[in-house]
Amino acid sequence: MRAKNIITLLTDFGEVDGFVGVMKGVMLNILPRAVIIDMTHQVPAHDIDAGAFILNSSFHYFPAGTVHVAIVDPGVGGKRRALAVQTANYFFIAPDNGILKFIFEHERPLRVFALANEKYFLRHISNTFHGRDIFAPCAAHLCAGVKIDEFGPEIFDYQTGEIQQPLVGIGQIIGNIIYVDTFGNLITNIPGAMVLHQSIEIGLGTSIISSISRSYDEQEHEPLALIGSAGFLEIAIFRQNASQRLNVRVGDAVSVKFIN
Amino acid sequence: MRAKNIITLLTDFGEVDGFVGVMKGVMLNILPRAVIIDMTHQVPAHDIDAGAFILNSSFHYFPAGTVHVAIVDPGVGGKRRALAVQTANYFFIAPDNGILKFIFEHERPLRVFALANEKYFLRHISNTFHGRDIFAPCAAHLCAGVKIDEFGPEIFDYQTGEIQQPLVGIGQIIGNIIYVDTFGNLITNIPGAMVLHQSIEIGLGTSIISSISRSYDEQEHEPLALIGSAGFLEIAIFRQNASQRLNVRVGDAVSVKFIN
Amino acid sequence: MRAKNIITLLTDFGEVDGFVGVMKGVMLNILPRAVIIDMTHQVPAHDIDAGAFILNSSFHYFPAGTVHVAIVDPGVGGKRRALAVQTANYFFIAPDNGILKFIFEHERPLRVFALANEKYFLRHISNTFHGRDIFAPCAAHLCAGVKIDEFGPEIFDYQTGEIQQPLVGIGQIIGNIIYVDTFGNLITNIPGAMVLHQSIEIGLGTSIISSISRSYDEQEHEPLALIGSAGFLEIAIFRQNASQRLNVRVGDAVSVKFIN
């Protein structure tokens, strides 16, 4: 597989300071025909897990050969390495801090390289903005035809991160809220396939939900459960912010009991 | 008219979760040369009227043949239909819930089709994210040359929505605030042409304004009235947020008295 | 130098109302092959100094020939002029209110023209949205090949704005916080070169910092100083919002004492 001219950007840089615009300038300097797509720049500051979740929900909708750049990077300028990763269909450019944990878990074949060849960096490297100085130019050079093994040595001791799996017991699953979206919908780490076609009772805080709805509007005013767009069990309230109304946050427990 | 390769996106999805990035990935998969422009993704959640207002203020500035995708869609996955609409100069892709009400009111000729042909959807259709699974791929296929009547049957019973018109009496107009912009400027539903070249007195809450200004800086510290960029009477305060300072919101009444 | 087909946009328009989308529609109408990059649209409303700082940190990362459009424009529709500016490598389109002050200070050669030729404006000019009616179409026409002196007369009495320089005394510098970024990092107007390779003591409110760190993660929990990505002395706290925690804002004083 060769890199296409499509680059996606996922960061916690926000859209206020011009950081993202600068990265695009750097990339257009190297590859004028680059098609640069913003995945999000509003990952909560320093929240590597949220960045990993969003990346995992989105990367596979892009054309094969797309270069995905994912930067949530509290350790910028310190000892953490920078990575270029190749999977069957995509490339990833990111700091080595676990933001690619779902890629490392699920994608095969998988090759991981350290970004070490300064030839592909900007000439002056700051200690605070590797998005501009290292990640953006390397992504653009990759799209421009540089082979991934030219960026640095292949490595095997990258940070695999931690993936919180639901506990599956006899007649019961205990999972967690792993993401809260813009609408306040609560996404769990329980795969939809585990709970469909069964009689169940879902517990979240003091709420009990006893069926899986097909859509948000099947139930008004009360919490409902459905299979969300990323394929996981999701708790929502029609036209309301379930996170706020139920006072539920990332990490909170969700239980599913199977009823005979 | 044939569809151009320009697609605009107007949603209430926010820019946090990567939903919009995913839609762009889906479209680039179908039409790599698509030029995708964000109109806004910050329509207040579920606020169909605000989405309709923004769309109506903006669509006609784009080249003929542009495909405008407008998604504020609390009923996603439920019984509401999805639409493809053709007017003299543009195409629109949207849920059938009134978000196109100004298009239906003002544009002629007008043809409306239901999006029903699953050949142009993603293979797996979620019940929560039709932006990704239905609207994005249909928009891209339309740009790629699929004829609009291939997406589904022509329909005539679409939701026309409700347009709040000002009440015009003898020597007086009663209108409403229909939109508050980022700067806190208050946009009414009173066409500028109705109030220009006349002696008037505008009443809004406890404020009285007795002339139409040409620009925001003609008056300092006090509320002023002018004809806004969409052609409607607008109330503002120079360098201040009029909505906050006057405690005025969408729906509040505005009166215009004509003075002899 | 000729204009490239790259246009950047820096405004305080926000991304809620569709203003930016409309500007892009206008530009695509004139130049379908325009590559339009958002620098930021979240400059604090009416904050010309913040807009000038962001522009100055970013414009030079773009390919030569890029047209930079910078609009923070509280005086829209009033008496202020509109400008087209050419420097050695770039073009700038902006209101004449000081937002280009760093360009005027640092870039040579420099030619400044008033945007006066209505041939390149939209036909109908509002008094509230020159971004759409004047700046966007002029930027697109410039990219499309119109010579910069066709837009209006060369002028020399443009607003140069005010640049706050640090006070350099014997053994001491007094500077100011001139920008606070999304992460709450505090950027000063003290060039990094002035404080590197010296024994120093930095004072900011009640905090004293006695060394320059290489990266954000060199110090935990306590304020640290480093040279930021734009080359200026910056005060930060690892993984925290220094502005909030230290209660420091734009304009606050920063002192640097040199220790023998």
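In what follows, the structure referred to is the one given above.
Residues numbered from 1 in each chain as written. Chains lettered and ligands numbered in written order. Predicted model: local features only at pLDDT ≥ 70, side-chain atom pairs only at ≥ 80, totals over all residues. Heavy atoms only, no water.

### What to know about the overall build of chain A
Thought 1: Of regular secondary structure, chain A possesses five helices and 14 strands.
Thought 2: Relative to a compact globule of 260 residues, whose C-alpha radius of gyration would be 18 Å, chain A shows 20 Å and is just as compact.
Thought 3: Its C-alpha atoms give chain A principal-axis dimensions of roughly 65 × 35 × 30 Å.
Thought 4: Every one of the 260 residues in chain A was classed for burial, and the buried ones make up 59%.
Thought 5: Considering only contacts within chain A whose residues lie at least 6 apart along the sequence, 66% involve residues at least 24 apart.
Thought 6: Total accessible area computed for chain A in this model is approximately 10700 Å², and 48% of it derives from carbon and sulfur atoms. (Helix = DSSP H or I, 4+ residues; strand = E, 2+ residues; numbered from the N terminus. Rg over C-alpha atoms; globule rule 2.2 N^0.38 Å. Buried < 20%, exposed > 50% of the residue type's maximum accessible area, 1.4 Å probe, protein only. Contact = heavy atoms within 4.5 Å. Areas by Shrake-Rupley, 256 points an atom, 1.4 Å probe, with all protein chains shown as cover.)

### Section: the nonpolar core
Thought 1: In this structure, Leu100 of chain B together with Ile7, Val67, Val69, Ile93 and Leu115 of chain C are the most contacted members of the largest nonpolar core, which totals 70 residues.
Thought 2: No other element matches helix H4 (residues 130-143) of chain C, which puts eight residues into this core.
Thought 3: The contact partners of Val67 of chain C, leaving out residues within four places of it in the chain, are Ala3, Ile6, Ile7, Thr8, Phe91, Ile93, Ala139, Leu142 and Cys143 of chain C. (Core = buried A, V, L, I, M, F, W, Y, C linked by side-chain atoms within 4.5 Å.)

### With respect to the pattern of salt bridges
Close approach of charged atoms allows side chains with opposite charge to pair.
Thought 1: Enumeration over the complete set of coordinates arrives at 21 salt bridges over all chains.
Thought 2: Of the charged contacts in the structure, one is a salt bridge between Lys101 of chain B and Asp49 of chain B, with a shortest N-O distance of 2.7 Å. Here Lys101 of chain B is found in helix H3 (residues 101-106), whereas its partner Asp49 of chain B is found in helix H2 (residues 48-58), with 52 residues between them in sequence.
Thought 3: For Asp96 of chain C, the salt bridge is made with Arg81 of chain C, and the minimal N-O distance between the two is 3.2 Å. Of this pair, Asp96 of chain C sits in the loop between strand S5 (91-95) and helix H3 (101-106) while Arg81 of chain C sits in the loop between strand S3 (67-71) and strand S4 (82-86), placing them 15 residues apart in sequence.
Thought 4: The class for Arg81 of chain C is partly exposed, based on a relative accessible area of 28%.
Thought 5: Overlapping salt bridges bring together Arg81, Asp96 and Asp157 of chain A as one network. (Salt bridge = Lys/Arg side-chain N within 4 Å of Asp/Glu carboxyl O.)

### A short note on the interface of chain C and chain B
Thought 1: Across the boundary between the two partners, chain C contributes 29 residues, which contact 31 residues of chain B.
Thought 2: Of the roughly 2400 Å² buried at the junction of chain C and chain B (both faces included), carbon and sulfur atoms supply 57%.
Thought 3: For the chain C face of the interface with chain B, the top three residues by lost area are Val16, Asp17 and Thr128 of chain C, together amounting to 22%.
Thought 4: Inspection of the chain C/chain B interface yields zero salt bridges.
Thought 5: At the boundary of chain C with chain B, the tally comes to nine residue pairs in polar contact (both at pLDDT 80 or more).
Thought 6: The leading source of residues in the side of chain C that touches chain B is helix H1 (residues 19-30) of chain C, at eight residues.
Thought 7: Looking at the side of chain C that touches chain B, its residues break down into eleven nonpolar, twelve polar and six charged. (Buried area = accessible area lost by both parts, 1.4 Å probe. Polar contact = N/O pair within 3.5 Å; in protein donor to acceptor, adjacent residues only side chain to side chain. Nonpolar A, V, L, I, M, F, W, Y, C, P; charged D, E, K, R; others polar.)

### Brief notes about the relation of the copies chain C and chain A
Both copies of the chain are related by one operation, a rotation about an axis with a shift along it.
Thought 1: You can overlay chain C on chain A at an RMSD of 0.0 Å; the transform is a turn of 120° with a shift of 0.0 Å along its axis. Classification of the inter-copy transformation places it as that of a three-fold axis.
Thought 2: Of the residues that chain C buries at the interface, just 3% are likewise interface residues in chain A, meaning the two copies contact each other through different surfaces. (Least-squares fit on C-alpha atoms with pLDDT ≥ 70 in both.)

### Some thoughts on helix H4 (residues 130-143) of chain B
All names here are of chain B.
Thought 1: If you check H4, its first and last C-alpha atoms are 18 Å apart, about what 14 residues at 1.5 Å a residue would give, namely 20 Å.
Thought 2: Along its length, H4 reaches its greatest deviation from straightness, about 30°, at Ala136, and the proline Pro137 lies no more than four positions downstream.
Thought 3: Counting buried positions along H4 gives 14 out of 14 residues, so the element sits mostly inside the fold.
Thought 4: At the exit of H4 stands Gly145, carrying a positive phi of roughly 120°. (Expected span 1.5 Å × (residues − 1). Bend = angle between axes of the 7 residues up to and from the residue.)

### Observations regarding the side chain of Ser215 of chain C
Thought 1: Along the chain, the position of Ser215 of chain C falls in the loop between strand S11 (207-209) and strand S12 (224-227).
Thought 2: In this structure the side chain of Ser215 of chain C is engaged in a polar contact, spanning 2.7 Å, whose partner is the side chain of Asp217 of chain C.

### Focus: the interface of chain C and chain A
Thought 1: Each side of the interface is counted separately: chain C has 31 residues, and chain A has 29 residues.
Thought 2: In total, about 2500 Å² of surface goes out of reach between chain C and chain A, with carbon and sulfur atoms giving 57% of it.
Thought 3: Linking chain C with chain A are zero salt bridges.
Thought 4: Linking chain C with chain A are ten residue pairs in polar contact (both at pLDDT 80 or more).
Thought 5: Looking at the side of chain C that touches chain A, the elements with two or more residues in it are strand S2 (35-40), helix H2 (48-58), strand S8 (172-180) and S12 of chain C.

### A short note on the relation of the copies chain C and chain B
Thought 1: For the match of chain C to chain B, the screw axis carries a shift of 0.0 Å, the RMSD comes to 0.0 Å, and the turn is 120°.
Thought 2: Take the interface residues of chain C: only 3% of them recur as interface residues in chain B, which is what a contact between different surfaces looks like.

### As for the side chain of Asn97 of chain C
Residue and element names in this part refer to chain C.
Thought 1: Position of Asn97 relative to the elements: it lies in the loop between S5 and H3.
Thought 2: Engagement of the side chain of Asn97 in a polar contact is seen with the backbone oxygen of Val72, the distance being 2.8 Å.
Thought 3: Here the side chain of Asn97 touches Ile99 through a polar contact of 3.2 Å, landing on its backbone nitrogen.
Thought 4: Setting aside chain neighbours within four positions, we find Asn97 in contact with Ile48, Val72, Asp73, Pro74 and Gln159.

### Notes on the sheet that holds strand S1 (residues 6-11) of chain C
Thought 1: Sheet architecture is open: six strands sit in the order S2-S1-S3-S5-S4-S6 (chain C), paired in mixed fashion. Across the chains shown, the open sheet's two edge strands, defined by having one partner strand only, are S2 and strand S6 (111-114) of chain C. Averaged over all adjacent pairs, the angle separating strand axes in this sheet is 20°, with direction ignored.
Thought 2: Of the strand pairs in this sheet, S1 of chain C and S3 of chain C are connected by five bridges, and their pairing is parallel. The residue of S3 of chain C that forms the bridge with Leu10 of chain C is Ala70 of chain C.
Thought 3: The strands touched by helix H1 (residues 19-30) of chain A within the sheet are S1 and S2 of chain C, with S2 of chain C carrying the most contacts at an inclination of about 145°.
Thought 4: Lying over the sheet, H2 of chain C contacts S1, S2, S3 and S5 of chain C, oriented at roughly 150° with respect to S1 of chain C. (Pairing = 2+ DSSP bridges. Axes fitted to C-alpha atoms, helices over the stretch in contact; angles between N-to-C directions.)

### Thoughts on the environment of Lys147 of chain A
All names here are of chain A.
Thought 1: As for its position among the elements, Lys147 is in the loop between helix H4 (130-143) and strand S7 (167-169).
Thought 2: In this structure Lys147 comes out as exposed when scored by relative accessible area, which is 55%.
Thought 3: When the C-alpha positions of Lys147 and Val195 are compared, they lie 44 Å apart, and in sequence the two are 48 residues distant.

### A look at the packing of aromatic side chains
For any pair of aromatic rings, geometry is given as the distance between the ring centres together with the angle between the planes.
Thought 1: A full pass over the atoms with the stated rule returns 24 aromatic pairs over all chains.
Thought 2: Relative to Phe151 of chain A, the ring of Tyr120 of chain A lies with its centre 5.0 Å away and its plane at 55°, an arrangement referred to as tilted. Here the residue Tyr120 of chain A occupies a position in the loop between strand S6 (111-114) and H4, and Phe151 of chain A occupies one in the loop between H4 and S7, the gap between them amounting to 31 residues.
Thought 3: For Phe151 of chain A, a relative accessible area of 1% translates into the label buried.
Thought 4: Between Phe13 of chain C and Phe19 of chain C, the ring centres sit 6.2 Å apart and the planes meet at 80°, which makes this aromatic pair edge-to-face.
Thought 5: In this structure Phe13 of chain C comes out as buried when scored by relative accessible area, which is 9%.
Thought 6: Using a relative accessible area of 16% as the deciding quantity, one classes Phe19 of chain C as buried.
Thought 7: Taken together, the aromatic side chains of Phe13, Phe19 and Phe129 of chain A make up a single cluster linked through ring pairs. (Phe/Tyr/Trp six-rings, centres within 6.5 Å; stacked < 30°, edge-to-face > 60°.)

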